[in-house]
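Residue strings, one per chain:
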Amino acid sequence: MIEIKAVSQRFEGPSGSVDAIRDVSLSIRKGEVFGIIGRSGAGKSTLVRTLNLLNRPTSGHIVLDGQDMTSLKPEALRNARRQIGMIFQHFNLLSSRTVYGNIALPLELAGVGKAEIDRKVRELLNLVDLGALSDRYPAQISGGQKQRVGIARALANDPKVLLSDEATSALDPETTKSILELLKKINRELSLTIVLITHQMEVIKLICDRMAVMEAGELIEHGSVLDIFRAPQHPVTRAMIGDVISQDLPKGVLQRVRARLAQTRHGEGQDHLLRLAFTGTSVEDPLLSDVVRRFGLDFNILHGQIDEIQEQAFGSLAILARGTDDQIEQAKAFMRSRGVTVEELNHVVTAD
Ligand SMILES: Nc1ncnc2c1ncn2[C@@H]1O[C@H](COP(=O)(O)OP(=O)(O)OP(=O)(O)O)[C@@H](O)[C@H]1O
């Protein structure tokens, strides 16, 4: 569907050159929700601008549905870009136009007739559940409603792909959830491919099928969200998933955990922070009581949750386990033999 082929972007500045993205290759499949996550400066914005061809990469190709977008002349490119809808962090609505007028704009620019515009805008208003607000101006609606307008406008030209650039970053958690649910609904009902750029792992977890992680301009890991959550390979990905846990721990608990782990580091304690990830049937096994019985470990459960990722039950548990290095290693090996992914997270939360 979208092939990103060996794309690099170098910027020349007065103080030398910056490789904002380096040799990124990725295949995005038709009908999936694909998330690209990275920390600030990782190269996400540059990649988005390259994907929607606002920026021609220094080298490499973007191929959309078999068409090499990077080789198109400006006129052809303008038409081809209609296949890509885009939503933004700050919505980018025209304040002088109503909700209706904002959604109608891309259709007017494409020269669509008035009656057809009206039919299409009403259909989109229904889809994003904004029928009652069509005459309001952007200043008279909430952030979540503005993003719904943004989504409807992005869909006006029936794009093949919807690109979302930090579209929920300016919204509160509850509104974020409702916007992500709307995106998922659109993905299912219209079989629309969605590429979502974010710095929030929660966003990926909620709606993406597959994901890629960027760091310092490079693609460091990609795969199904479930696989990456179960067994992240790269330290940066591990830290990002660890971050989900540290954010979920109350501050006081986190401080106590840090203090206990520091003692372990200095050879004065036996506490280890473990993250266990279960899927499918292992969620139901009495695993922890088994571990305590077999290996004589002591543990505190710090945080636990069961989520659904790609419609599979996915449980994760953060535990502070106390035992000798041998006991901890044996327990880890045993849990792994029972299909549980075990990671030691000491390094993640010890950093202040
Ligand atoms: N036009 C430009 N000229 C020079 N350097 C640039 C330009 N655009 C981006 N960069 C550099 O490229 C790198 C990647 O930037 P980019 O904005 O793509 O990262 P990002 O992941 O989107 O970060 P953020 O989440 O903070 O927006 C950074 O080091 C940035 O300073």
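Definitions and limits used
Residues numbered from 1 in each chain as written. Predicted model: local features only at pLDDT ≥ 70, side-chain atom pairs only at ≥ 80, totals over all residues. Helix = DSSP H or I, 4+ residues; strand = E, 2+ residues; numbered from the N terminus. Buried ≥ 20, exposed ≤ 12 C-beta atoms within 10 Å, placed from the backbone. Contact = placed C-beta atoms within 7 Å. Near = placed C-beta within 6 Å. Nonpolar A, V, L, I, M, F, W, Y, C, P; charged D, E, K, R; others polar. Pairing = 2+ DSSP bridges. Axes fitted to C-alpha atoms, helices over the stretch in contact; angles between N-to-C directions. Parallel < 35°, antiparallel > 145°, perpendicular 65-115°, else oblique. Left-handed = near helix turned anticlockwise from the far one by under 90°. UniProt positions renumbered as here; feature names shortened; annotations may be inferred. Core = buried A, V, L, I, M, F, W, Y, C linked by C-beta atoms within 7 Å. Domains from an automatic or database assignment.

1. Examining the overall build of the protein
Looking only at helices and strands, the protein has 13 helices and 14 strands in total. Dimensions of the protein along its principal axes, counting C-alpha atoms only, are 75 × 50 × 35 Å. Looking at the 352 residues of the protein, the share that counts as buried comes to 38%. Taking as baseline every contact in the protein between residues at least 6 positions apart, the subset at least 24 positions apart corresponds to 68%.

2. Remarks on the environment of D172
Topologically, D172 is positioned in the loop between β7 (161-165) and α6 (173-190). Classification of D172 as exposed rests on a count of 11 C-beta atoms within 10 Å. When the C-alpha positions of D172 and G144 are compared, they lie 8.8 Å apart, and in sequence the two are 28 residues distant.

3. Considerations on the site of the ligand
Around the ligand sit 13 residues, and of these F11, A20, S40, S45 and T46 come closest. When contributions to the shell around the ligand are tallied by element, the ones reaching two or more residues are β1 (2-13), β2 (16-28) and α1 (44-51). With three residues, α1 is the single largest residue contributor to the shell around the ligand. For the shell around the ligand, the residue count by class is four nonpolar, eight polar and one charged.

4. Some points on the pairing of strand β9 (residues 210-215)
Burial runs high along β9: five of the six residues are buried. Sheet analysis places strand β3 (residues 33-38) next to β9, joined by five bridges and oriented parallel. Paired with F34 across the two strands is R210, which belongs to β9. In the sheet, β9 pairs with strand β10 (residues 218-224) via six bridges, with the strands oriented antiparallel. Directly across from E215, in β10, lies its bridge partner E218. In textbook terms, the turn of a hairpin is the stretch between consecutive antiparallel strands, and for β9 and β10 this stretch comprises two residues, one of which, A216, has a positive phi near 50°.

5. Points about the packing of helix α11 (residues 287-295) against helix α12 (residues 325-337)
Running from amino to carboxyl end, α11 crosses α12 at an angle of 140°, the nearest separation of the two axes being 10 Å. One way to sum up the angle between α11 and α12 is to call them oblique. The crossing of α11 and α12 is right-handed. Judged by residue contacts, L287, V291, R294 and F295 of α11 engage Q327, Q330, A331, F334 and M335 from α12. Residues belonging to the contact of α11 with α12 are distributed by class as follows: six nonpolar, two polar and one charged.

6. A word on the UniProt feature "domain: ABC transporter" (unreviewed entry) in the protein
Those residues carrying the UniProt feature "domain: ABC transporter" (unreviewed entry) are residues 2-241 in this numbering. Between the first and last C-alpha atoms of residues 2-241 the distance is 27 Å; the span itself is 38% helix and 28% strand.

7. Digging into the nonpolar core
By size, the foremost hydrophobic cluster in this structure holds 71 residues, and its most contacted members are I103, A152, V195 and M211. One finds L274, F278, I328 and M335 within the second-largest nonpolar core, a separate group that totals 18 residues.

8. Remarks on the domain arrangement of the protein
Interface size is commonly expressed as the accessible area that is lost once the parts come together. When cut into domains, the protein gives domain 1 (2-230) and domain 2 (240-350). Computed from C-alpha coordinates alone, the two centres of domain 1 and domain 2 are separated by 36 Å. Facing the ten residues of domain 1 at the interface are twelve residues of domain 2. With four residues, helix α8 (residues 225-230) is the largest single contributor of residues to the side of domain 1 that touches domain 2.

9. Some remarks on the sheet that holds strand β12 (residues 298-309)
Taken in spatial order, the four strands make up an open sheet running β12-β13-β11-β14, and their pairing is antiparallel. Of all strands in the sheet, those with a lone pairing partner are β12 and β14 (341-344), marking the two edges. Taken over all neighbouring pairs, the strand axes of this sheet differ in orientation by 20° on average, direction set aside. Along the sheet face, helix α10 (residues 251-265) touches β11 (271-279), β12 and β13 (312-322) and points at about 120° away from the line of β11. In the packing of α12 onto the sheet, the strands contacted are β11, β13 and β14, and the crossing angle to β14 comes to about 150°.

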